[in-house]
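The primary structure of each chain is shown beneath.
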Amino acid sequence: MGDVPAGSSARSWLYGVARRVLANGRRAETRRSALVERLGAELAQREEHDRLPDHEDLDTVRAAFRRLGPDDREVLALASWEGLASAEIAMVMGCSRGAARLRLHRARKRIANELSSAGVDVARFGARMPALAGGEA
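As the structure is a computational prediction, the values presented were derived from the model and not from experiment. Per-chain numbering applies: the sequence of each chain, read as written, is numbered from 1 onward. Given that this is a predicted model, residues contribute local features only at a pLDDT of at least 70 and side-chain atom pairs are listed and counted only at 80 or more, while totals for whole chains, interfaces and linings are drawn from all residues. Calculated side-chain values reflect all of the structure's heavy atoms, with hydrogen atoms and water omitted.

What to know about helix 3 (residues 70-81)
Next up, step 1: Note on conventions: DSSP H or I runs of at least 4 residues are helices, E runs of at least 2 residues are strands, and numbering of each starts at the N terminus. To estimate how far a helix should reach, multiply one less than its number of residues by 1.5 Å. Taking 1.5 Å per residue as the helical rise, helix 3 with its 12 residues ought to reach 16 Å, and the 15 Å between its terminal C-alpha atoms agrees with that figure.
Next up, step 2: Relative accessibility thresholds used throughout: buried, under 20% of the residue-type maximum; exposed, over 50%; partly exposed, between the two (1.4 Å probe, protein chains only). Every buried residue of helix 3 is accounted for by Asp72, Val75, Leu76, Ala77, Leu78 and Ala79.
Next up, step 3: At the exit of helix 3 stands Gly83, carrying a positive phi of roughly 70 degrees.

Here you go:
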């Protein structure tokens, strides 16, 4: 209440405050609407690309995963299945964050190469996967 001017100017001041609050609300609603539209478009695009792979592809992925070394399987499982970040992977594996990121990158590259050489369309597994497998991204 200390900001409210005394006397007859209080009314004008309150109108100014109300005007700014309403303008902020309109801007927020515009941002929310734009976000809803963008997320809706992204969701529609993702749904188109996220069709379930057939059983044969899943078997191929499992086989490629089994062909990896135990360290690669561990770091991929920690990142993909457990959802751990590099810092958490580093803690679990007893290495630095940089080493964990490097191990994860190399493991992803090896699984992408395994899948690619098995004839799996690696682009179905994410936008970065073809680049890891040596294809175009």
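Thoughts on the packing of helix 3 against helix 4 (residues 86-93)
Next up, step 1: The N-to-C vectors of helix 3 and helix 4 enclose an angle of 135 degrees; their axes lie 10 Å apart at closest approach. Between helix 3 and helix 4, the angle falls in the class oblique. Between helix 3 and helix 4 lies a crossing of right-handed hand. Contacts from Asp71, Glu74, Val75, Leu78 and Ala79 in helix 3 reach Ile89, Val92 and Met93 in helix 4.
Next up, step 2: Each residue is assigned to one of three groups, with Ala, Val, Leu, Ile, Met, Phe, Trp, Tyr, Cys and Pro labelled nonpolar, Asp, Glu, Lys and Arg labelled charged, and all others, Gly among them, labelled polar. Here the contact of helix 3 with helix 4 is built from residues that sort into six nonpolar, no polar and two charged. Convention adopted: a line fitted to C-alpha atoms gives each axis, helices being fitted over their contacting stretch, and angles between N-to-C directions are expressed from 0 to 180 degrees. Here the angle decides the label: under 35 degrees means roughly parallel, over 145 means roughly antiparallel, 65 to 115 means roughly perpendicular, and every other value means oblique. Handedness of a crossing is defined here by the sense of rotation of the near helix relative to the far one, left-handed for an anticlockwise turn of less than a right angle and right-handed for a clockwise turn. Contact definition: two residues touch when any of their heavy atoms are within 4.5 Å.

Quick look at the packing of helix 3 against helix 5 (residues 97-117)
Angle between the axes and distance between the axes are the two parameters that describe a pair of packed helices.
Next up, step 1: Interhelical geometry of helix 3 versus helix 5 gives an angle of 105 degrees and a closest axis separation of 9 Å. Relative to helix 5, the element helix 3 is oriented roughly perpendicular. Of the residues in helix 5, those in contact with Asp72, Val75, Leu76 and Ala79 of helix 3 are Ala100, Arg103, Leu104, Ala107, Arg108, Arg110 and Ile111.
Next up, step 2: Residue composition of the contact of helix 3 with helix 5, grouped by class: seven nonpolar, no polar and four charged.

Things to note about the pattern of salt bridges
Next up, step 1: Criterion for a salt bridge: a side-chain nitrogen of Lys or Arg within 4 Å of a carboxyl oxygen of Asp or Glu. The final tally for this structure, using the stated rule, is five salt bridges.
Next up, step 2: For Arg62, the salt bridge identified is with Asp59, shortest N-O distance 3.0 Å. Of this pair, Arg62 and Asp59 both sit in helix 2 (residues 55-67), three residues apart, roughly one helical turn.
Next up, step 3: One salt bridge in this structure joins Asp72 and Arg110, with 2.5 Å as the shortest N-O distance. Of this pair, Asp72 sits in helix 3 while Arg110 sits in helix 5; the two residues are 38 residues apart in sequence, bridging distant segments of the chain.
Next up, step 4: For Asp72, a relative accessible area of 10% puts it in the buried group.

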